[in-house]
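Given next are the chains, with one letter for each unit.
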Amino acid sequence: MNDDEIHELAGAYALGAVDDIERASFERHLKTCAACQEEVASYDDALVALASTARPVAPPPALKSRIMDALPEQAPAPAPAGARPAHRPERRTFASRTRLLVAAAVVALLAGVGVGIAQPWQQPTSVASLSPAERVRLAPDAKEYQGRVGDGFVLVTASAAERAATITTDRLPPVGSDRTYQAWFLDASGTPRSAGLLRDDGPQLLTGVPGPSLALSVEPSGGSKAPTTKPVVLVALT
Amino acid sequence: MMVGMAPASSPRAREDAASGSGVSGLLTAVASGDRAAFERLYDETAPRVHGLVLRVLADPAQAEEVTQEVFLEIWRTAPRFEAARGSAFGWLLTIAHRRAVDRVRSSAAARTRDVTYERQASAGPYDSTAETVTALLDAEQVRGALARLTDHQREAVEMAYFGGRTHTEIAETLGIPLGTAKSRIRDGLRRLRDHIGGER
Ligand SMILES: [Zn+2]
């Protein structure tokens, strides 16, 4: 997204009508763009007005007791010096961001967003002629999962029986000659384990047994032991 | 459905919210760990917060969970609220909206959101505001401002705000170019802003 286009996101951002990746890039832009800061702030009253068209509904009394019980004993932590913008809710932690990315990927899948990665494989003549990647993709229990990266897509095909997964990509944003996309399987606690560097659009067999989700991050060419940048996409493999 | 049993907020809450000082003062007390102030803040704002969350989620059980998350986040982040930077009530609603949209985009809610949107959309553009008692802005004024939007703009703004849709999803759902979806959202929001501000 170039700089002219990103200003146009101010309205959608204020309404929450951006995906996680757009939100991250807009918030980066917002730090340095006075015009957008002003525009976003100018919508505050309009948003309250919009919210006020939702009819007030008293929650059940039990909810209040649950909340009071769940309140931590200690006082809230004081705001750090030079704190984040006060009129926006707290920034997401990596963990919650990860959950959102999972959610976004699932929504995209359910909503049929970004569908269009063709599956033009043909039944090969013999199993022996199959590459490992093809074996996964043709496994009777193979399941497909999609994610989006900017205007591009990733498609992961995983087979529990083969204990393996493949990745196919389409129109991933270019990363430059000294960088590469690296795939990671995340375990249930979110700990990443390298699943290999992407060589091309694939399909490519990923390294290792698939975890509950897969992330892609941009790394120096040659790859990293652990992600050094925020994942650009996270695909739930469940 | 519990929507039918909705009580309006108390006159007291309305007054406080209208001036902004009530909620803002309570938030300041909450920031220093005042549990009694938190309880009052809850009493005064929970119906509005919950109403918004429920409108987005259209699922009472999930809405309760999200309303709980919202208030726990308010407790944690109250010290970061700065009155100079916006209304306290707006701040609460922003947290509530963000959390509700996060939830609606998660897989469980995703299955029902098309249905939800259909249901909301079929109620017609004005039904959504007709019964509302607003705390902060006069209902007439909000209705008047919303009426300044074209049908297309209002549809896009409501799909975004209450449907939890992104501009990309809105373009796809309505079968319109992305640029058109973006400008409907932005122009609609601008008009709403200008007419809310202008008629105050
Ligand atoms: Zn800008």
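Residues numbered from 1 in each chain as written. Chains lettered and ligands numbered in written order. Predicted model: local features only at pLDDT ≥ 70, side-chain atom pairs only at ≥ 80, totals over all residues. Heavy atoms only, no water.

Asker: Explain the overall build of chain B to me, and be specific about the residues and the numbers.
Answerer: On a plain count of helices and strands, chain B comes out with 11 helices and 0 strands. Going residue by residue from the N terminus, the α and β elements of chain B occur as α-α-α-α-α-α-α-α-α-α-α. Buried residues in chain B amount to 56% of all 200 residues. In chain B, the proportion of contacts linking residues at least 24 apart, taken out of those at least 6 apart, comes to 67%. With the model as given, the accessible surface of chain B reaches about 8,000 Å², and the carbon-plus-sulfur share is 51%. (Helix = DSSP H or I, 4+ residues; strand = E, 2+ residues; numbered from the N terminus. Buried < 20%, exposed > 50% of the residue type's maximum accessible area, 1.4 Å probe, protein only. Contact = heavy atoms within 4.5 Å. Areas by Shrake-Rupley, 256 points an atom, 1.4 Å probe, with all protein chains shown as cover.)

Asker: An account of the nonpolar core is requested, with residue identities and associated values reported.
Answerer: Counting 79 residues, the largest nonpolar core has L15(A), F26(A), L27(B), L52(B) and I74(B) as its most contacted members. The dominant element in this core, judged by the number of residues it contributes, is helix α3 (residues 35-57) of chain B, at 11 residues. When residues no more than four places from it in sequence are discounted, the contact partners of L52(B) are A51(A), A54(A), L93(B), A96(B), H97(B), Y161(B) and F162(B). Formed by 20 residues, the second largest nonpolar core is a distinct cluster that contains V149(A), L172(A), L206(A) and L237(A). (Core = buried A, V, L, I, M, F, W, Y, C linked by side-chain atoms within 4.5 Å.)

Asker: Tell me what's going on with the sheet that holds strand β8 (residues 233-236) of chain A, and back it up with residues and numbers.
Answerer: Residue and element names in this part refer to chain A. Taken in spatial order, the 4 strands of this open sheet run β5-β4-β7-β8, and their pairing is antiparallel. At either end of the open sheet lies a strand with only one pairing partner, and these are β5 (192-197) and β8. Shown here is a sheet whose adjacent strand axes are inclined to one another by a mean of 30°, direction ignored. Across 8 bridges, strand β4 (residues 179-186) lies against strand β7 (residues 213-220) in antiparallel orientation. Pairing of W184 across the sheet is with A215, part of β7. (Pairing = 2+ DSSP bridges. Axes fitted to C-alpha atoms, helices over the stretch in contact; angles between N-to-C directions.)

Asker: Describe the coordination of the zinc ion, listing the residues and the values that go with them.
Answerer: All names here are of chain A. Every protein donor of the zinc ion is listed here as H7 (ND1), H29 (NE2), C33 (SG) and C36 (SG), and their distances to the metal cover 2.0 to 2.3 Å. Note that the zinc ion binds 4 donor atoms; their angles at the metal cover 105 to 116°, and the shape is tetrahedral. Positions of the donor residues of the zinc ion, expressed as sequence spacing, correspond to H-x21-H-x3-C-x2-C. Residue classification places C33 among the buried positions, given a relative accessible area of 9%. (Donors = N, O, S within 2.8 Å, 3.2 Å for Na, K, Ca; no water. Tetrahedral: all angles 85-135°; square planar, octahedral: opposite > 155°, others 65-115°.)

Asker: Give me the confidence of the model for chain B: which residues, what numbers.
Answerer: Low pLDDT marks regions whose predicted coordinates should not be analysed in detail. Residue and element names in this part refer to chain B. When pLDDT is averaged along chain B, the result is 77; 70% of the residues meet or exceed 70. Segment residues 1-20: pLDDT under 50, and 35 contacts once partners within four positions in sequence are set aside and those in other chains are kept. A low-confidence stretch, residues 111-136 stays under pLDDT 50, and its non-local contacts, those more than four residues away or across chains, total 51 contacts. The complex model carries a pTM of 0.57, and its ipTM stands at 0.76. (pLDDT = per-residue confidence, 0-100.)

Asker: Residues and numbers for the packing of aromatic side chains, please.
Answerer: Residue and element names in this part refer to chain B. Considering all chains together, one arrives at 6 aromatic pairs over all chains under this definition. Between F81 and W91, the aromatic rings sit 5.4 Å apart at their centres with planes inclined by 55°, giving tilted as the arrangement. Note that F81 is positioned in the loop between α4 (60-77) and α5 (88-104) and W91 in helix α5, a separation of 10 residues in sequence. Like W91, F81 is buried. By the ring-pair criterion, three or more aromatic residues cluster together here, those being F38, Y42, F71 and W75. The ring of W75 is capped by R35, whose NZ or CZ atom sits 5.9 Å from the centre of that ring. In this structure, R55 is placed above the aromatic ring of F162, and the distance from its NZ or CZ to the ring centre is 3.8 Å. (Phe/Tyr/Trp six-rings, centres within 6.5 Å; stacked < 30°, edge-to-face > 60°. Lys NZ or Arg CZ within 6 Å of the ring centre and 35° of its normal.)

Asker: Give a detailed account of the packing of α3(B) against α5(B), specifying residues and quantitative values.
Answerer: All names here are of chain B. Where α3 contacts α5, the axes come no closer than 9 Å and their chain directions differ by 35°. Crossing of α3 against α5: the hand is right-handed. In contact with L41, T45, R48, V49, L52, V53, V56 and L57 of α3, α5 contributes F89, L92, L93, A96, H97, A100, V101, R103 and V104. Considering only residue class, the contact of α3 with α5 consists of 13 nonpolar, 2 polar and 2 charged. (Left-handed = near helix turned anticlockwise from the far one by under 90°. Nonpolar A, V, L, I, M, F, W, Y, C, P; charged D, E, K, R; others polar.)

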